[in-house]
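# Coordinate analysis (summary)
Each chain, written out:
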Amino acid sequence: MHRFYFITDRKKFKKPFLDTVKEVLEKGVRLIQIREKDLPDDELYKLAESVLEISKGYDAKIFINSRVDIAYMLGLDGVHLTSRSVPVSVVKRKFPDLIVGKSCHSVEDVLNAEDEGADYVFISPIFEVEGKGKPIGIEGLKKVLEVVKVPVYALGGINSSNVEEILKTGVYGVAGIRLFL
C-alpha cells in the first residue's frame, strides 16, 4: 500500500468533487477513501463509480467508508471501518478479498483491530482537530508504533509543516483531507 492516503470530504473542497480527486491523483496519491457519510445510497454508489472510473490508469486503490456492500458491488479495493463499525473479523470472513482498515484512537483500539484482522489502521487525532477529541501527539503515535504489526496511518491535524516530523516516527503513512488539497 502507498504511504499517502486521501480521504474525501466534498464540503471542504474548493473545486468540484471529481476535479479534486483527479488533482490529488495527479499529485501522486494512490489511496483514496470515499467518505461522504451524508449522501443517500444511490448518490454514494454513483459517486464511488465515478471515482473508480477517473482513477483508471493511476494504479490507485479505492476504498469506501463503512459501506461493504458498495465496495463489493463495485469491486473496490477495500473498506475503511469506523471505530463503531461492525467487527473487522466479520467483514474479512465474508469478503476475504477486501482490504479492511479501521479507525482507532488508542493503543487498545489498535491492538483490537489488529487481533480482528485489520489490514491497516488509522490512529487519530495526532494533533488538535476541532471536534475530534484529545490529540495523542507524537509520543502517543510512537507508543502505538511500538506495539502494532499492521501498517499504521497517522491522521488528524497533519499539514505541510509537520508531515515530515510524522514520517520520521516510522509510521507507515499519513492520511488526511486538507493535507492533499
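What comes next is a walk through the structure. (Residues numbered from 1 in each chain as written. Predicted model: local features only at pLDDT ≥ 70, side-chain atom pairs only at ≥ 80, totals over all residues. Heavy atoms only, no water.)

## Remarks on the pairing of strand β4 (residues 78-81)
Here β4 shows no split at all, with Gly78 and His80 on one side and Val79 and Leu81 on the other all buried. Relative to β4, strand β3 (residues 61-65) is paired through three bridges, and the arrangement is parallel. Within β4, the residue paired with isoleucine 64 across the bridge is valine 79. Taken together, β3, helix α3 (residues 68-74) and β4 form a β-α-β motif whose crossover is right-handed. Note that β4 and strand β5 (residues 99-104) share four bridges and pair parallel. Within β5, the position partnered with glycine 78 by the bridge is isoleucine 99. Regarding the hand of the β-α-β motif, the stretch spanning β4, helix α4 (residues 88-94) and β5 is right-handed. (Buried < 20%, exposed > 50% of the residue type's maximum accessible area, 1.4 Å probe, protein only. Helix = DSSP H or I, 4+ residues; strand = E, 2+ residues; numbered from the N terminus. Pairing = 2+ DSSP bridges. Right-handed = clockwise from strand over helix to strand, strands pointing away.)

## Let's talk about helix α2 (residues 41-54)
The end-to-end C-alpha distance of α2 is 20 Å, a good match for the 20 Å that 14 residues give at a rise of 1.5 Å each. For α2, the complete set of buried residues consists of Leu44, Leu47, Ala48 and Val51. Down the axis of α2, the buried side of the element spans an arc of 100°, and every buried residue falls inside it. For α2, the secondary structure elements touched by its buried residues are α1 (17-26), β2 (31-34), β3 and α3. (Expected span 1.5 Å × (residues − 1). Arc of directions from axis to C-beta. Contact = heavy atoms within 4.5 Å.)

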